[in-house]
Structure formats: C-alpha cells, structure tokens
Amino acid sequence: MNTISSCLIIKNEIKNLPGLIEDLRKFSDEIIIVDTGSTDGTLEWLKENQDNVLKLEHFTWIDDFSAARNYSFSKATKSWIFWCDADDRISDKLLAELLYTKQRILGKTNKKIFTINYDYDKIQKITVQTYRLVQRSTKPTWVSCCHEFLTFGEKISEDNIGIFNIDSFIVHQKNSANGPMSYFETATHRNLQIYLSQMISPNRIVQTRDIFNYARELHNVKLDSFIEAKYKTAEYLINERINDMYYTDLWNCILLLLHDKLISSKENAEYGIELINKIEEVTKLRADVFYFREHLKHIVNPKYNLVRVSRETLKIKPVDPVDQFLERYEYSKVLPAINIYNKTKDKAEKEKVLNIIKQYVNEIPQAKEFINSLNDK
C-alpha cells in the first residue's frame, strides 16, 4: 500500500529530464514516461536508461492534455500515483517529506489524496496547492483538453485530503531562449489553438472550466480584438453556467476577466454589483471580491464610506487555502489598509495597517506607490 508510480507526459525534454529522473528514483517504485513525439534526443536517452523502474511509453498527440495524462495513469501499477512535468523541480524538503510519507504514512492513514505546493510562476508570484499524490484505487481521471484537472471515481471528503508542508514544494522552471515570459506567451497561443480546435469538436462535451480557461487565455493574449470576446465569455459563465462552475473561476471571472470593464463607468459598476450578488447566492465571497463590490459601490456613489468595509475585509479569513489561486491582494489587503490609514486618527491602527501594506510593497503597485508617497512627505 505504500508503493508509488511517478507519471509524466513529455516532448523534447532532453535538457530537463535527466535531473528530474534522478530525483524521482529516490522515492518511486516505477517511473512511467509517456512521450508524445520527441525529436531532440529525449527518446534515445530514455532508451539507454530504461530498467525495471524507468519505463517508456508512446502516445500520439491529439491536442488533448487529459488524454495523454490519462494514458500515463493507465500504465501505473503501484498503489499511489505521483505526477509532475519534466520542467518541474522537486525541492530538497519535498524529497525528504515524500520519502517520510511513503515509509511512515501511506497505507496507514485515511488520506487518499495529498496536495503539494506548486511554485507555478515566479514572475507573477503565483503559488497554488495541487493534487500531486493520489491513491490509484480512487480512479483518478483527468478532465479538459487544456488546463486539465483531476476528478475521482469515488467521493473524496475533506478528511481524505492530506497537505504537505508549506515549505515542501515543486518549482515550475520553464524558460525559453528569449527569457521566462516568452514561454508563457508561447503557451498561451498554443492553448488557444487547442481550445479552438477541441471546443468545436462534435464529439467533445465542453466543460464549464474549459470555457473559463478559454476566456482566461484570451485575457493573457492582451489583444484588443479579443477584449469583447473575453467579456462576453465571462458574462455567459456567470449568467448561464454559474451553478456548475468552480468557486475559484466564479471569483476570477469578476476580478480577472471583467475587472477593467466594471470599473470603467457608473453603469458598468452597477452591473458588476449585480453579478457579484448573483455569485454570493451560490458561494461565500472571497475577501478580494467582497471589497471589490464595495469599491464598485463607491464608483456608483462617491460618498459611500469604505472605511468600515475595509476593516471587515481585513478580518475575513481565506475561504479555502486550496482556492486562493490568483487572489487579488490589492483588494483583499492593500487597498483596504490604505483606506484605513488615510481615514483613521488612531496611531496604533495606522501602524498596524502600514505593516500590512509594507508586506506587499515589492508585489503590488498600489502598495509601492503609497509607501513612496509617505517617504516623499
């Protein structure tokens, strides 16, 4: 009950794969490598290094990440499955915790899934918890052609989910010859092509998350010709598909996809308030969405006092640590704190919220601008 299959899908990863395989061997009983069409020497290296642990499989690429990942999982024979990508790196602390978990915990716990912190994007400072170690008996299945996610063949309760330590993490290190951002720009165009080909396929059931991620990719492209398509897609999700959406996607429809439109006029702000109220009917609002709604009320009525709301926002605890992906901290932390600092006469309260602002001075432009303004006085 404590054996582990590590599963990867790859293409042209000769520079990344050897180092990762060395780490995977430290805790894996088998390593399933599914190649989708390498031409850079990856296949030759794998064939030379195959043994009773490292196993090579082939999959014809069909513009569907889930299909490839499900194929890799289908080849796993051990009790647990760990997955990652060739351009991921496993921290030393995570390696130690994986070994400890394998030797002391797996097979002796009610946990069926373990989440691991994923340092996804150092540029945008995005870290998210992802399901990485799953019990094979739960029948894990990948869904969606792009930005794929795991579902399970049995009901998984919160008590069945284990969480690795916050300082044990996987690092995404993908770079290109032209710098880190070139990868994300390239990936965005690739992802859009996949969505456009797969979402119109007559044999495909389009998931709500597919539609959201399609809109998110339109947002990432940042081309004027796609702006209206992005807005319409987000509005469709909130108005027509709200009941089968992930909470995270609902929040980010507002703050990631519709933000610029909603703050552009009084009329749009009123519309935004309606949309947020609609979301609140199906899920508790995240702190940043809560404050953004009050910000929209301020746009509608400039006399609307935000100080009370700012205090409430700072007291709101995260709804779910797993769902904090892309949280807008300027709305949940920085702007509320600035608002209180400017309005209160209480020195202790000023000092408290100033410390909050300083935490984000290197990440959030509003925090840096505010601290600079204080230094200039």
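Residues numbered from 1 in each chain as written. Predicted model: local features only at pLDDT ≥ 70, side-chain atom pairs only at ≥ 80, totals over all residues. Heavy atoms only, no water.

## A short note on the overall build of the protein chain
Okay, step 1: Along the protein chain, the regular secondary structure elements total 15 helices and 11 strands.
Okay, step 2: The buried share among the 377 residues of the protein chain stands at 50%.
Okay, step 3: A separation of at least 24 residues holds for 68% of the contacts in the protein chain among residues at least 6 apart in sequence.
Okay, step 4: In the structure as shown, the protein chain presents an accessible area of about 19000 Å², 49% of it carried by carbon and sulfur atoms. (Helix = DSSP H or I, 4+ residues; strand = E, 2+ residues; numbered from the N terminus. Buried < 20%, exposed > 50% of the residue type's maximum accessible area, 1.4 Å probe, protein only. Contact = heavy atoms within 4.5 Å. Areas by Shrake-Rupley, 256 points an atom, 1.4 Å probe, with all protein chains shown as cover.)

## Considering helix 6 (residues 208-221)
Okay, step 1: Along its 14 residues, helix 6 runs 20 Å from first to last C-alpha, staying within 8% of the 20 Å computed at 1.5 Å per residue.
Okay, step 2: Most of helix 6 sits out of view: 12 of its 14 residues are buried.
Okay, step 3: Buried within helix 6 are the following residues: Thr208, Asp210, Ile211, Phe212, Asn213, Tyr214, Ala215, Arg216, Glu217, Leu218, His219 and Val221.
Okay, step 4: Lysine 222 occupies a position one or two residues after helix 6 and carries a positive phi of about 60 degrees. (Expected span 1.5 Å × (residues − 1).)

## Section: the confidence of the model for the protein chain
Keep in mind that low pLDDT regions are not for reading the predicted coordinates in detail.
Okay, step 1: Counting all residues, the mean pLDDT for the protein chain is 85, and 89% of those residues have values of 70 or more.
Okay, step 2: Per-element averaging of pLDDT across the protein chain places helix 5 (residues 180-198) at the bottom with 66 and strand 2 (residues 30-35) at the top with 96.
Okay, step 3: Under a pLDDT of 50 for its full length, residues 175-184 has, in the predicted model, 10 contacts with residues more than four places off or in other chains. (pLDDT = per-residue confidence, 0-100.)

## Here's the deal with the pattern of salt bridges
Okay, step 1: Scanning all chains against the criterion turns up 18 salt bridges.
Okay, step 2: A salt bridge links arginine 69 to aspartate 85, with the shortest nitrogen-to-oxygen separation between them at 2.9 Å. Of this pair, arginine 69 sits in helix 3 (residues 65-74) while aspartate 85 sits in the loop between strand 4 (80-83) and strand 5 (88-90); the two residues are 16 residues apart in sequence, bridging distant segments of the chain.
Okay, step 3: Notably, a salt bridge pairs glutamate 294 with arginine 293, separated by 3.2 Å at the nearest N-O pair.
Okay, step 4: Overall, the relative accessible area of 3% leaves glutamate 294 in the buried class.
Okay, step 5: With relative accessibility at 8%, the residue arginine 293 sits in the buried group.
Okay, step 6: Connected via shared salt-bridge partners are Glu280, Arg293, Glu294 and Lys297. (Salt bridge = Lys/Arg side-chain N within 4 Å of Asp/Glu carboxyl O.)

## Notes on the packing of helix 13 (residues 329-343) against helix 15 (residues 365-376)
Okay, step 1: The contact between helix 13 and helix 15 brings their axes to 10 Å, and the two run at 25 degrees. Overall, the two elements helix 13 and helix 15 adopt an arrangement that is roughly parallel. For the pair helix 13 and helix 15, the crossing hand works out as left-handed. In contact with Glu330, Val334, Leu335, Ile338, Tyr341 and Asn342 of helix 13, helix 15 contributes Gln366, Ala367, Phe370 and Leu374.
Okay, step 2: Looking at the contact of helix 13 with helix 15 residue by residue, the class counts come to 7 nonpolar, 2 polar and 1 charged. (Axes fitted to C-alpha atoms, helices over the stretch in contact; angles between N-to-C directions. Parallel < 35°, antiparallel > 145°, perpendicular 65-115°, else oblique. Left-handed = near helix turned anticlockwise from the far one by under 90°. Nonpolar A, V, L, I, M, F, W, Y, C, P; charged D, E, K, R; others polar.)

## Concerning the environment of leucine 314
Okay, step 1: Within the secondary structure, leucine 314 is located in helix 12 (residues 307-315).
Okay, step 2: Sequence separation between leucine 314 and valine 353 is 39 residues, and the spatial gap between their C-alpha atoms is 9.2 Å.

## Digging into the packing of aromatic side chains
Okay, step 1: If you walk through the whole model with that rule in mind, you get 15 aromatic pairs.
Okay, step 2: Measuring from ring centre to ring centre gives 5.3 Å for phenylalanine 149 and tyrosine 246, while their planes differ by 75 degrees; the resulting arrangement is edge-to-face. With phenylalanine 149 in strand 9 (residues 149-151) and tyrosine 246 in the loop between helix 7 (224-240) and helix 8 (247-257), this residue pair connects regions lying 97 residues apart in the sequence.
Okay, step 3: Residue classification places phenylalanine 149 among the buried positions, given a relative accessible area of 13%.
Okay, step 4: Seen in terms of ring centroids, tyrosine 195 and tyrosine 214 are 6.4 Å apart; in terms of plane orientation they differ by 75 degrees. Their pairing is edge-to-face. Taken as a pair, tyrosine 195 in helix 5 and tyrosine 214 in helix 6 lie far apart in primary sequence, 19 residues in all. Residue tyrosine 195 shares its accessibility class with tyrosine 214, and that shared class is buried.
Okay, step 5: One aromatic cluster is present, built from ring pairs that chain together Phe73, Trp83 and Trp142.
Okay, step 6: Over the aromatic face of tryptophan 83 sits the side chain of arginine 132, whose NZ or CZ is 3.9 Å from the ring centroid.
Okay, step 7: In this arrangement the basic side chain of lysine 350 is found over the ring face of tyrosine 341, its NZ or CZ atom lying 4.1 Å from the centre. (Phe/Tyr/Trp six-rings, centres within 6.5 Å; stacked < 30°, edge-to-face > 60°. Lys NZ or Arg CZ within 6 Å of the ring centre and 35° of its normal.)

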